[in-house]
Every structure is written in structure tokens, then in C-alpha cells.
Amino acid sequence: MLEFIISNNIVCHAVEAMLFASLSCSILGVIVTQFNVSSIGFTMAHAAFAGAAIGMFLGVNATAAAVVAGILVAILLGPVAEYSRMSTDSILGVFFGMTMAIAIFFIAYMQYLGKGMSASALLFGDVVSLYREEIYALALISIISIIFVYLFYKEISSLIFNRKIAEASGISVKPLYFAILFMIAIAVSLSLNIVGGLLLFVWLVTPAATAYQFCNSLKSMFILAPAIAGVISIAGALAGLAWSVPVAPLTAIMITSVFVVAVIISPKRKISYSKGY
Amino acid sequence: MVSSGESVIRLKNIYTAYEGAEYPVIKDVSIEIKRGEFAIIGGPNGAGKTTLLETINGMLKTTHGEVTVLDMDVGSRGRDIRKKVGYVIQNFSFDPMTPFSAEEVVLMGRYGLIGPFKKPNEEDYKKVSDAMKLLRITDIAKNPIGKLSGGQQQKVLIAQCIAKDPDILLLDEPFSNLDLLTREFVSNILGDLAKSGCTIVIVSHAFDALPDTGIRIIAMNDGRIALDETCDPGEVENKIRLVSGGIPGA
Ligand SMILES: Nc1ncnc2c1ncn2[C@@H]1O[C@H](COP(=O)(O)OP(=O)(O)OP(=O)(O)O)[C@@H](O)[C@H]1O
Ligand SMILES: [Mg+2]
């Protein structure tokens, strides 16, 4: 898509992949962090991780398997919590552990079989050996995330503020909640082999947390978080390929560094004496 | 609009149980509340007052019985009911850093009414500013909700429900964070609303500030209605005491 700017095909695809992965993850990341459902984000990421490992082991498309696993968790979460009469958090803990175990089991087994190379992409990401379709799918989910947030901004903000108050105002809370889970599941699964299962949280949580340091409204966070993530991810892709270092870990370090700087210079930590003193 | 004197809330032999609980919390309750009535629900902690309110607006499902609000069945049209019924929740606590201003929170009351895919229009903003003026909280409109005092937050939540122009207003202990003067002030606003035809149902333990109208007292105990009669504001406290005072912790 960006061939007209970047002539090198490999670099171009890497930049596209990183850009779209960062856009979708960081936009949904604002919801994840503000809605206090980080644990859901983590669990989805691990489910996708496990799905991809199984897919790779079976020799089917790892990304497709990741999407299936992520969506499966999104569907199962509510009913399992209700059926077992446990809090969603405990269920998430169980899912989290289980999916991690499955993922590690298959990755270790593949290493034993000598397929370790491809498995390491799941852990640390890989921006070079991507299918064109994966990039298109990521571009699509980025656009869908943006449209979704734009169209349902009222409902999302109200749900983030207080679920009970949102429901009492006459909003359909449950469908919205599941739509959010689905979007997270898909975005996370598609980004998995680009940024890596172990680094996915960086894209999901850190840009939103960075934006939060400067924003007093949800709207501005929805704009600033993807802007931060997008710019750093493009820079990370270009720098990583130029210096022949792994792109996703480098970018993750860059994103986190920016976060640290943001915390230090954040206006939220300064006390204003201009009023009343 | 429902015409005066008509029942806007009708509960018929209802039972409400929480998910996974063995016994229902609300047991065989039947009441009718008319348009413009000012009702106070009293009774000891755990009597089922909050549960009753959430049964009325359909946030909790009944296991038995019929709930009709504004001539709509709660089971099938709960969301339409909630668009016309304000509900001020009892226990709220907002993260000091939550990224919403008091004004945004008041506007949220209208989100269900506005409906999906639409943006708030001029009328919505007008209702918001009117409600905030009514409660005298315009000076804190731009402040982050999480950094307001408990009483200020309480007034924001009441304004939120008034901004949606409700036919019925359910308030769960709206006075618990308010000082006496503010209680009187808010009470009078609610009394005026009742006079203009909005049905007011308040769960409260504070009877020192009530508007000067006929007050319907509904006292609950252990999921049942122990007393239901209309009296003057001055008599409310004694009547409620008769029901719940003798049975601490029941
Ligand atoms: N979410 C819940 N799940 C299960 N049981 C609940 C739940 N909420 C309340 N209950 C039970 O329902 C009963 C009635 O609770 P409710 O909150 O309606 O009481 P209340 O009259 O509002 O009390 P208070 O004056 O303390 O607010 C209590 O026995 C309580 O244990
Ligand atoms: Mg209560």
C-alpha cells in the first residue's frame, strides 16, 4: 500500500505491518486500559498465542488459528464465568495459565522437532516473512477500530465511566461489551506474529498509558495513543531494518522509553499554584 | 405522556433473585405508584430496597410476576423504559483520574435517549446546562468528576438523571453525601419535579429534609412490603421507625 513512498518491498511491508498493528492495538488499548480490562487483553493475547502455536504445529495458517483462538476466548468468557459462578477475573486467571501452558508446550515441542525458528516469531515477532493478506487484514481491522470508536464513542465512554450508569441510561451494554471483546481478540491475534506474543502488551497498554499522561479527556487519548504508537512503530521498523536488529523488540523498547519520558514530564504530576495561592 | 392519576409503575406478585442465589431477595411484592407521586422507600439494610429499584427499571430480572412501567413490560422493553426512567445509583466511587468532566457525566444521562450513531444536539446540551443550573453546579461543569467531593458528585449524578427529562426518577440514597441545607435544596427540586408530573421514588434513611407534599411511605423488611401509606412529611420518620426500628439487622 505504501510502495509509492517506500520502494524496497520488504521495508515497505514491514512498515505497513508495524503501522497497522500499532494503530489497531493502541486504539483498542485505550479502551482496555481505561475500562480496567487489561487482564482481558492479556488473556486474549495468550489465547491467540496458544492458537498460533497449535496452528503452526499442525501446519495450518498460524494467524488464522490465532484469530480463532482469540474469538473463542471472547465467546467463552461470559458463559464460563456465569456457569462456574466465579468472577471474570478468576476465569481469566485460569484461561491465562492454560493458554500460556499450551503455547509453551507446543513451542518447546517444535523446538525439539527442529522447527524452533518459526516458533520464535510467535514470541518476539517477525516483520519480514509476512503474507500480503495479513497486512490487508490488519489494515482492515485498524480502519474498523477507528470507525467503531467514532460511531460508538458515546456508548464506549459511558461504559468506561461506569457500567451501571451506562446501563441505566438505556444503552445496550452487553452487545457493546462483546463487540469490544471481539475487536480486541481480532486485533491482538492479527498483530501476534508481527510484534510477538511476549511483546504484544507493549502495544496494547503502553501507548494508551503514555497518552494518558497528557490527556484530560478520553477523546484526546483516542487520538494521541495511536499517533504515538504509529509514529514510533514506523520509526522502529525503519531503524530495525536499517541496523539489522529485531524490529519488534527495538520498537517495544522505544515505546517504553517514550512512556518513561512522558511520565517524567507529564503535566499531571505538577501541582499548580496559579489558583488560590 | 401518561395521564395524571394513572399508575406508571405496576408490580404484580414479583420475586427477584440474584444470579446464583438460592432464595429470592424480593418476595411477592405488589405495588402501584401513580404519576406525580412522591414515594419514599425505607427499611433496614439488606431489606431489598436497591433490588426493588433495579427490578423497576429492568436491570434485574424477576423470576416471577409482572412489572409494567410506563405501560411497557420490563422484560421485553427494559431498554426503552430505562431511557425514560432516571436511576441514581447508591454506591458510586470514581477514580480520581477518570477522564470525564462533570458536564460530560451529566450528558451521559441522555446517551441512551439519543440512541446509537447519533451525536448530541443543541437540545441535549441545553437540557444538560439547565439541569446543572437547577442543581447549582455550573461552576464545576468542567472539573474532572473524580476530583469532586462526594456531595458534588452526588449532585452531578442527580443532574444527570434530571437532564434526561425522566417520567420517573429512582434515587437510591441520594442524600447520604449531602449536608442538611443541600438535602433541603435537593428535596425541594425533587418535590417540584413531582408536582410537574414526574414520579419520584427515593430510597432514603434521611427524613429531616422532605418537600411539603403528601409523601407515600413504602417500608420494606426482608424483601416484603411492611407498610405502605401516604402521610405528611413530618410523620414519615415515626412511621418508618415503627417498621424497622424494632428489628435491628433484620
Ligand atoms: N449482587 C448481589 N448478588 C447477590 N445478592 C445480593 C446482591 N446484591 C444484594 N444482594 C442481597 O440482596 C439483599 C438485599 O440487598 P439490597 O441491596 O437490595 O438491600 P438494601 O435494602 O438496598 O440495603 P442497604 O440499605 O444496605 O442499601 C441482601 O440480603 C443482599 O445480600
Ligand atoms: Mg441499597
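For the structure, check the block above.
Residues numbered from 1 in each chain as written. Chains lettered and ligands numbered in written order. Predicted model: local features only at pLDDT ≥ 70, side-chain atom pairs only at ≥ 80, totals over all residues. Heavy atoms only, no water.

1. Details of the overall build of chain A
We apply this condition: In this text, helices come from DSSP runs of H or I with a minimum length of four residues, and strands from runs of E with a minimum of two, each type numbered from the N-terminal end. Radius of gyration here is computed from C-alpha atoms only, and the compact-globule reference equals 2.2 Å multiplied by the residue count raised to the power 0.38. Two residues form a contact once any of their heavy atoms are found within 4.5 Å. Residue exposure ignores everything except the shown protein chains as possible cover, and the areas themselves are Shrake-Rupley values with a 1.4 Å probe. Neither His nor the chain ends is counted toward charge; the positive residues are Lys and Arg and the negative residues Asp and Glu. Charged groups are reduced to one reference atom each: NZ for lysine, CZ for arginine, CG for aspartic acid, CD for glutamic acid.
Of the regular secondary structure elements, chain A holds 12 helices and zero strands. Going from N to C terminus, chain A has its helices and strands arranged as α-α-α-α-α-α-α-α-α-α-α-α. For a compact globule of 277 residues, the expected C-alpha radius of gyration is about 19 Å, and chain A comes in at 19 Å, within 12% of that figure. Reported as C-alpha extents along the three principal axes, the dimensions of chain A are approximately 65 × 50 × 30 Å. Within chain A, counting contacts between residues at least 6 apart in sequence, those at least 24 apart form 74% of the total. Counting only carbon and sulfur atoms, one obtains 72% of the accessible surface of chain A, whose full area is about 12200 Å². Looking at charge distribution, chain A has the averaged site of its 12 positive side-chain charges lying 15 Å from that of its 9 negative ones.

2. A word on the coordination of the magnesium ion (ligand 2)
Ideal geometry at a metal centre gives angles of 109.5 degrees when four donors are arranged tetrahedrally and 90 or 180 degrees when six donors are arranged octahedrally. Residues and elements named next belong to chain B. Defined as follows: Only nitrogen, oxygen and sulfur atoms within 2.8 Å of the metal, or 3.2 Å for Na, K and Ca, are treated as donors, and water is left out, so sites may look incomplete. Type-normalised accessible area, obtained with a 1.4 Å probe on protein chains alone, sets the label of each residue: buried when under 20%, exposed when over 50%, and partly exposed for intermediate values.
Here the magnesium ion (ligand 2) is held by Thr50 (OG1) and Gln90 (OE1), and the distances to it run 1.9 to 2.2 Å. Of this pair, Thr50 sits in helix H1 (residues 49-56) while Gln90 is found in the loop between strand E6 (85-88) and helix H3 (102-108), placing the two residues 40 residues apart along the sequence. Among the residues examined, Gln90 registers a relative accessible area of 25% and is labelled partly exposed.

3. Considerations on the sheet that holds strand E2 (residues 26-34) of chain B
Hydrogen bonds along the backbone pair up the strands of a sheet, which may run parallel or antiparallel. Residue and element names in this part refer to chain B. For the record, the criterion: Pairs of strands are assigned from DSSP output, requiring at least two bridges between the strands. Every axis in this analysis is a line fitted to C-alpha atoms, fitted for helices over the stretch in contact. Angles between the N-to-C directions lie between 0 and 180 degrees.
Strand order in the open sheet formed by four strands is E2-E1-E4-E5, and the pairing between neighbours is antiparallel. For this open sheet the edge positions go to E2 and strand E5 (72-73), each flanked by a neighbour on one side alone. Where strand E1 (residues 7-16) lies against E2, six bridges are found, and the strand directions are antiparallel. Residue Ile14 lies in a different strand from E2, and its bridge partner there is Val29. Packing of H1 onto the sheet brings it into contact with E1, E2 and strand E4 (62-69), and relative to E1 it is tilted by some 120°.

4. Some words on the environment of Ile215(B)
Residue and element names in this part refer to chain B. Within the secondary structure, Ile215 is located in strand E9 (residues 215-221). When the C-alpha positions of Ile215 and Gly234 are compared, they lie 9.5 Å apart, and in sequence the two are 19 residues distant. Setting aside residues no more than four positions away along its own chain, Ile215 makes contact with Phe38, Ile40, Leu210, Glu229, Thr230, Cys231, Pro233 and Val236.

5. Points about the sheet that holds strand E8 (residues 199-203) of chain B
Residues and elements named next belong to chain B. Overall, mixed pairing links the six strands, which are arranged E6-E7-E8-E3-E9-E10 in an open sheet. Since the sheet does not close on itself, it has two edges, and those belong to E6 and strand E10 (224-231), each with one partner. Adjacent strand axes in the sheet meet at a mean angle of 15° when their direction is disregarded. In the sheet, strand E3 (residues 38-42) pairs with E9 via four bridges, with the strands oriented parallel. Each residue of the ladder has a partner; that of Ile40, found in E9, is Ile217. The strands that helix H2 (residues 74-84) touches are E6 and strand E7 (168-172); relative to E6, the one it contacts most, it runs at about 75°. Set on the sheet, helix H6 (residues 150-163) makes contact with E6 and E7; between it and E6 the angle comes to about 170°.

6. Brief notes about the pattern of salt bridges
Put simply, the rule reads: Salt bridges are identified by distance alone: a Lys or Arg side-chain nitrogen within 4 Å of an Asp or Glu carboxyl oxygen.
Overall, the coordinates contain 12 salt bridges over all chains when judged by the stated rule. For Lys154(A), the salt bridge identified is with Glu155(A), shortest N-O distance 3.4 Å. Note on accessibility: Lys154(A) and Glu155(A) belong to one class, buried. Two residues, Asp80(B) and Arg77(B), come together in a salt bridge whose shortest N-O distance is 3.3 Å. In this pair, Asp80(B) and Arg77(B) are both assigned in helix H2, three residues apart and thus about one turn of the helix distant. Given a relative accessible area of 30%, Asp80(B) falls into the partly exposed group.

7. A short note on the site of ligand 1
Residue and element names in this part refer to chain B. Counted only if it meets this: Throughout, the term near means that a residue has one or more heavy atoms lying within 4 Å of the molecule or strand in question. Under the rule applied, a polar contact is a pair of N or O atoms within 3.5 Å (in protein, one hydrogen donor and one hydrogen acceptor; residues adjacent in sequence only if both atoms are side-chain atoms).
Taken together, 13 residues are adjacent to ligand 1, and Gly46, Lys49, Thr50, Thr51 and Gln90 come closest. The backbone of Gly48 places a nitrogen or oxygen atom 2.9 Å from an oxygen atom of ligand 1. One of the side-chain N or O atoms of Thr51 is found 2.5 Å from an oxygen atom in ligand 1.

8. Quick look at the interface of chain A and chain B
Rules: Throughout, buried area stands for the accessible area (probe radius 1.4 Å) lost by two parts on being put together, summed over both.
Contacts between chain A and chain B engage 27 residues on the former and 34 residues on the latter. Carbon and sulfur atoms make up 63% of the area that chain A and chain B hide from each other, which totals about 2500 Å². Looking at the side of chain A facing chain B, the largest losses of area belong to Lys154(A), Phe161(A) and Ala168(A), adding up to 27% of the total buried there. On inspection of chain A and its partner chain B, the count reaches one salt bridge.

9. Brief notes about the state of the cysteines
Residues and elements named next belong to chain A. Applied cut-off: Only a pair of cysteine sulfur atoms within 2.5 Å counts as a disulfide in this structure description.
All chains considered together, the criterion is met by zero disulfides over all chains. Cysteine Cys25 is unpaired, with the sulfur of Cys215 as its nearest cysteine sulfur at 19 Å. In this structure Cys25 comes out as buried when scored by relative accessible area, which is 1%.

10. A few points about the packing of aromatic side chains
When we look at a pair of aromatic rings, we describe it by the centre distance and by the angle of the planes. Applied cut-off: Note on aromatic contacts: the rings of Phe and Tyr and the six-membered ring of Trp form a pair at centre separations within 6.5 Å, being stacked when their planes are under 30 degrees apart, edge-to-face when over 60 apart, and tilted otherwise.
In this structure the tally under the stated criterion is 14 aromatic pairs over all chains. On the basis of an interplanar angle of 75° and a centroid distance of 5.9 Å, the ring pair of Tyr177(A) and Phe178(A) is categorised as edge-to-face. Taking relative accessible area as the criterion, Tyr177(A) reaches 13% and is therefore assigned buried. Look at Phe92(B) and Phe94(B): their rings are 5.4 Å apart centre to centre, the planes differ by 15°, and that puts the pair in the stacked class.

11. Let's talk about helix H2 (residues 38-58) of chain A
As a reminder of what qualifies: Here the expected span of a helix is defined as 1.5 Å times the quantity of residues minus one.
The end-to-end C-alpha distance of H2(A) is 30 Å, a good match for the 30 Å that 21 residues give at a rise of 1.5 Å each. Just downstream of H2(A) lies Gly59(A), where phi reads positive at about 80°.

12. Topic: the pairing of E8(B)
All names here are of chain B. Which entries qualify depends on this criterion: Look down the strands so they point away from you; if the path from the first strand over the helix to the second goes clockwise, the crossover is right-handed.
Within E8, five of the five residues are buried, leaving the element largely enclosed by the surrounding structure. Judged by which residues are buried, E8 turns out to be covered on both faces: Thr199, Val201 and Val203 on one side and Ile200 and Ile202 on the other are all buried. Direction of pairing for E3 relative to E8: parallel, over a ladder of four bridges. Its bridge partner being in E8, Phe38 is matched across the sheet by Ile200. Bridge count for E7 against E8 is five bridges, and the pairing is parallel. Within E8, the residue paired with Leu171 across the bridge is Ile202. On the question of chirality, the crossover connecting E7 to the parallel E8 by way of helix H7 (residues 180-195) is right-handed.

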